[in-house]
Amino acid sequence: MRLIIKNDYKACAKWTADYIAGKIAKAEASENKPFVLGLPTGSTPLGVYKRLIELYEKGEISFKNVITFNMDEYLGLEETHPQSYHYFMQENFFSKIDIKKENIHILDGRAADPQEECRRYEELIKAAGGIDLFLGGCGCDGHIAFNEPGSSLSSRTRVKTLTEDTIAANARFFGGDTTKVPKTALTVGIGTITDAKEVLIMMTGLSKADALQHAVEESVSQMWPVTILQMHKSAILIADDACTDKLRVGTVKYFKGIEAKITDSYECIFADK
């Protein structure tokens, strides 16, 4: 596992976006060999999407040969609902870049047969050749996508009942009213995420400090789903200084020391852009 520590959220978002852009550029994505990118919603990736849009507008990157798979969607919401993840992605990312509509994949929250929709999604990922890089955020309780504490660490895309903590956390997007937050969602599984060739999880702010501490210093546990990244062959956690509050001083020094010796070619490509 690689842990990147930056000063603040803005620096984390820029590093993450530049890293993703660099991976796409290095892959020399083409129509016959597209780059497959897993994406999240919520407040965490907004800075990343803003930076990627900036790079696209400057002509530094194209998404014409990028295929995307989003992590999740609320069950029961229309695509046009302001709080659906279809709407979120269009408003905050897809409508502002040159990605092809047919290359965008998001779970259908209005599917007549949700179980079949989940099976179909797994097949689509397989048909695309698997996910090259899965970007994600992490909840205060260590959940990734809608894989709440207690989720199977080998789970696949499925219907998931949301915990009261997650509903309360997401109420801010529904005017603070928890009764308006859907109680179930469709989500990729932890196994689906870790099947990706590379996984990059952003964790910023003091509220995520416990989750980061478990992810880095504690043992793998289904009660802290993010800890599964310890078992991944190519996982990156990126956090700001505030998020490292619960880590041992020695742990922080260790990871900062390693990164000080690395010249990250992906970050350098866009460092002055």
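Our subject is the structure listed above.
One structure accompanies this document, and this report is about it.

What counts and what doesn't
Residues numbered from 1 in each chain as written. Predicted model: local features only at pLDDT ≥ 70, side-chain atom pairs only at ≥ 80, totals over all residues. Heavy atoms only, no water. Axes fitted to C-alpha atoms, helices over the stretch in contact; angles between N-to-C directions. Helix = DSSP H or I, 4+ residues; strand = E, 2+ residues; numbered from the N terminus. Parallel < 35°, antiparallel > 145°, perpendicular 65-115°, else oblique. Contact = heavy atoms within 4.5 Å. Nonpolar A, V, L, I, M, F, W, Y, C, P; charged D, E, K, R; others polar. Buried < 20%, exposed > 50% of the residue type's maximum accessible area, 1.4 Å probe, protein only. Pairing = 2+ DSSP bridges.

**Details of the packing of helix α2 (residues 46-57) against helix α3 (residues 85-92)**
Piece 1. Here α2 crosses α3 at 40°, and the two axes come no closer than 10 Å. Put simply, α2 runs oblique to α3. Across the interface between the two elements, Leu 46, Tyr 49 and Ile 53 of α2 pack against Phe 88, Met 89 and Asn 92 of α3.
Piece 2. Tallied by class, residues from the contact of α2 with α3 come to 5 nonpolar, 1 polar and no charged.

**A closer look at the pairing of strand β1 (residues 2-6)**
Piece 1. Within β1, 4 of the 5 residues are buried, which leaves it mostly tucked inside the rest of the structure.
Piece 2. Two elements, β1 and strand β10 (residues 235-240), share 5 bridges in a ladder whose sense is parallel. Bridging from a neighbouring strand, Ile 5 pairs with Ala 239 of β10.

**Considering the sheet that holds strand β8 (residues 184-187)**
Piece 1. Within the open sheet, the 3 strands sit side by side as β4-β8-β7. Their pairing is antiparallel. At either margin of the open sheet sits one strand with a lone partner, and together these are β4 (72-74) and β7 (158-161). When the angles between neighbouring strand axes are averaged without regard to direction, this sheet yields 30°.
Piece 2. Of the pairings in the sheet, the one linking β7 to β8 comprises 4 bridges and is antiparallel in character. Of the residues in β8, the one forming a bridge with Arg 158 is Thr 187.

**Focus on unusual backbone geometry**
Piece 1. Positive phi is not limited to glycine here, since Glu 28 has a value of about 50°.
Piece 2. Of note, Glu 28 is situated in the loop between α1 (9-27) and β2 (35-39).
Piece 3. On the basis of relative accessibility, which here comes to 64%, the residue Glu 28 falls in the exposed class.
Piece 4. With a phi close to 55°, Ala 145 is a non-glycine residue in the positive phi region.
Piece 5. Checked against the element boundaries, Ala 145 lands in the loop between β6 (133-136) and β7.
Piece 6. Taking relative accessible area as the criterion, Ala 145 reaches 10% and is therefore assigned buried.

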